[in-house]
Amino acid sequence: MTAGDQQGSERVADRELTGDQRKAERSAAIALAVTVVAGVGLFVVYFTGGQTQIEGILFAIALGGLGVALGIWANRLLDAREVVEERHELTSGPEGRQAFGEALAEEVGPVLGRRSLLLKLLAGAGGALGLALLLPVLSLGPAPGRSLKVTPWARGKRVVDENGKPVTLQTVPQNGFLTVFPEGHEGAADAQALLIHVRQGSLKLPPDRLAAVPEGTHVAYSKICTHAGCPVGLYRAESQSLICPCHQSQFDVADGARPFFGPAARPLPQLPLGVDNEGVLVAQGDFYEPVGPAFWDRNRGK
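Participant: What am I meant to see in the overall build of the protein here?
Facilitator: Secondary structure summary: the protein contains six helices and 11 strands in total. Within the protein, buried positions represent 39% of all 302 residues. Taking as baseline every contact in the protein between residues at least 6 positions apart, the subset at least 24 positions apart corresponds to 61%.

Participant: What should I look at first to understand the pairing of strand S3 (residues 193-197) in this one?
Facilitator: On a regular strand, each side chain points to the face opposite its neighbour's, so the side chains alternate between the two faces of the sheet. With five of its five residues buried, S3 lies for the most part within the structure. Neither face of S3 is exposed, since Ala 193, Leu 195 and His 197 on one face and Leu 194 and Ile 196 on the opposite face are all buried. Taken together, the four bridges between strand S2 (residues 177-182) and S3 define a ladder with antiparallel strand orientation. Note that in S3 the partner of Val 180 across the bridge is Ala 193. The pairing of S3 with strand S4 (residues 218-222) spans five bridges and is classified as antiparallel. Looking at the pairing, Leu 195 lines up with Ala 220 of S4.

Participant: Help me understand the sheet that holds strand S1 (residues 159-160), please; the structure alone is not making it clear to me.
Facilitator: In a beta sheet, neighbouring strands pair by backbone hydrogen bonds and run either parallel or antiparallel. Read across the sheet, five strands follow the order S1-S2-S3-S4-S9 without closing on themselves; strand pairing throughout is antiparallel. The sheet terminates laterally at S1 and strand S9 (270-271), the two strands that pair on one side only.

Participant: Please clarify how the side chain of Gln 250 should be interpreted in this entry.
Facilitator: Positionally, Gln 250 belongs in strand S7 (residues 250-252). We classify Gln 250 as buried; its relative accessible area is 13%. Not counting residues within four places of it along the chain, the set of residues in contact with Gln 250 comprises Arg 236, Leu 242, Ile 243, Arg 258, Pro 259, Phe 260 and Phe 261.

Participant: Before we go on, may I ask you to explain a nonpolar patch on the surface in this structure?
Facilitator: Among the surface-exposed residues, Ile 30, Val 34, Ile 57 and Ile 61 lie close enough to one another that they form a single nonpolar patch of about 350 Å² accessible area. Secondary structure elements with two or more residues in the nonpolar patch: helix H2 (19-47) and helix H3 (52-76). The residue Val 34 is located in helix H2 in this model. A relative accessible area of 36% places Val 34 in the partly exposed class.

Participant: How should I be thinking about the confidence of the model for the protein in this particular structure?
Facilitator: The predicted coordinates should not be examined in detail at positions where pLDDT is low. Here the protein averages 80 in pLDDT, while 75% of its residues score no lower than 70. Scored below 50 in pLDDT, residues 7-14 shows 13 contacts in the model against residues more than four places distant or in partner chains.

Participant: Please explain unusual backbone geometry as it appears in this structure.
Facilitator: Backbone phi values are negative for most residues with the exception of glycine, while trans is the configuration of most peptide bonds. Positioned with a positive phi, Glu 215 is a non-glycine residue whose angle comes to about 60 degrees. Residue classification places Glu 215 among the exposed residues on the basis of a relative accessible area of 58%. Even without being a glycine, Gln 240 presents a positive backbone phi close to 50 degrees. Examined against the element boundaries, Gln 240 turns out to sit in the loop between strand S5 (234-236) and strand S6 (241-243). Looking at Gln 240, the relative accessible area reads 4%, which means it is buried.

The rules we used
- Residues numbered from 1 in each chain as written.
- Predicted model: local features only at pLDDT ≥ 70, side-chain atom pairs only at ≥ 80, totals over all residues.
- Heavy atoms only, no water.
- Helix = DSSP H or I, 4+ residues; strand = E, 2+ residues; numbered from the N terminus.
- Buried < 20%, exposed > 50% of the residue type's maximum accessible area, 1.4 Å probe, protein only.
- Contact = heavy atoms within 4.5 Å.
- Pairing = 2+ DSSP bridges.
- Patch = residues over 30% accessible without salt bridge, like charges linked within 9 Å, V, L, I, M, F, W, Y side chains within 5 Å.
- Areas by Shrake-Rupley, 256 points an atom, 1.4 Å probe, with all protein chains shown as cover.
- Salt bridge = Lys/Arg side-chain N within 4 Å of Asp/Glu carboxyl O.
- pLDDT = per-residue confidence, 0-100.

Quick look at the structure:
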């Protein structure tokens, strides 16, 4: 825009406001100031301990103040009229650019045409609300990292029941089962496993997996269903199958707890076991695969 264009814009922008416009300007300024104060207050409340009710009230006030200010600005500070312009050749010279600058400045009105307090308050209100919108992201907490892929089971951890009593080969009768945990983590939801005493020679596991089954009869699988995370607590000894009562997924214990019925699509992870010098069952490591539903981590096991 040339110097002549700028002068034309300034002439229109410098027009005096009417009494009604000055009153509207003050009202809009107050509403924007309320938005700024409420937005900053919301941020302060959040970082000083947080209070859900107060945060909600401040957020509503901030949005309400911005809405009121924009409403006053649009209805009382902008010139709203219909303008008809005859079609002309699509070129513009200095006079055309000057006319355009004057028309634009006149259209937006005297308040927007000059760098007034309202523009600064509008920027401040937008910034305050921007800070408020960051709070939900900050409330997500730290990333889970590998916490969903590991459990308290580790090499050498003794196998105990829910009361912390060590489990031996004689603890579980044939065709029986027991919920077990790593010693020191009794009741840990992600570590719970089903120890099953199956018939000799009934397991159809690869050699490396079968080596982690003491006597070839005591096999352990995660108790957390790989469909929706429910506890798999039913065992049919005749068919050597585990059943999840939530959605009726069934797993073949002899074939690595592979699902053969229901919505589960992933086998129950096996827990490698051994026996220490005292005859107590011990873990040889964590579960072979991450426990829990597949949707927790679609890349798990890869």
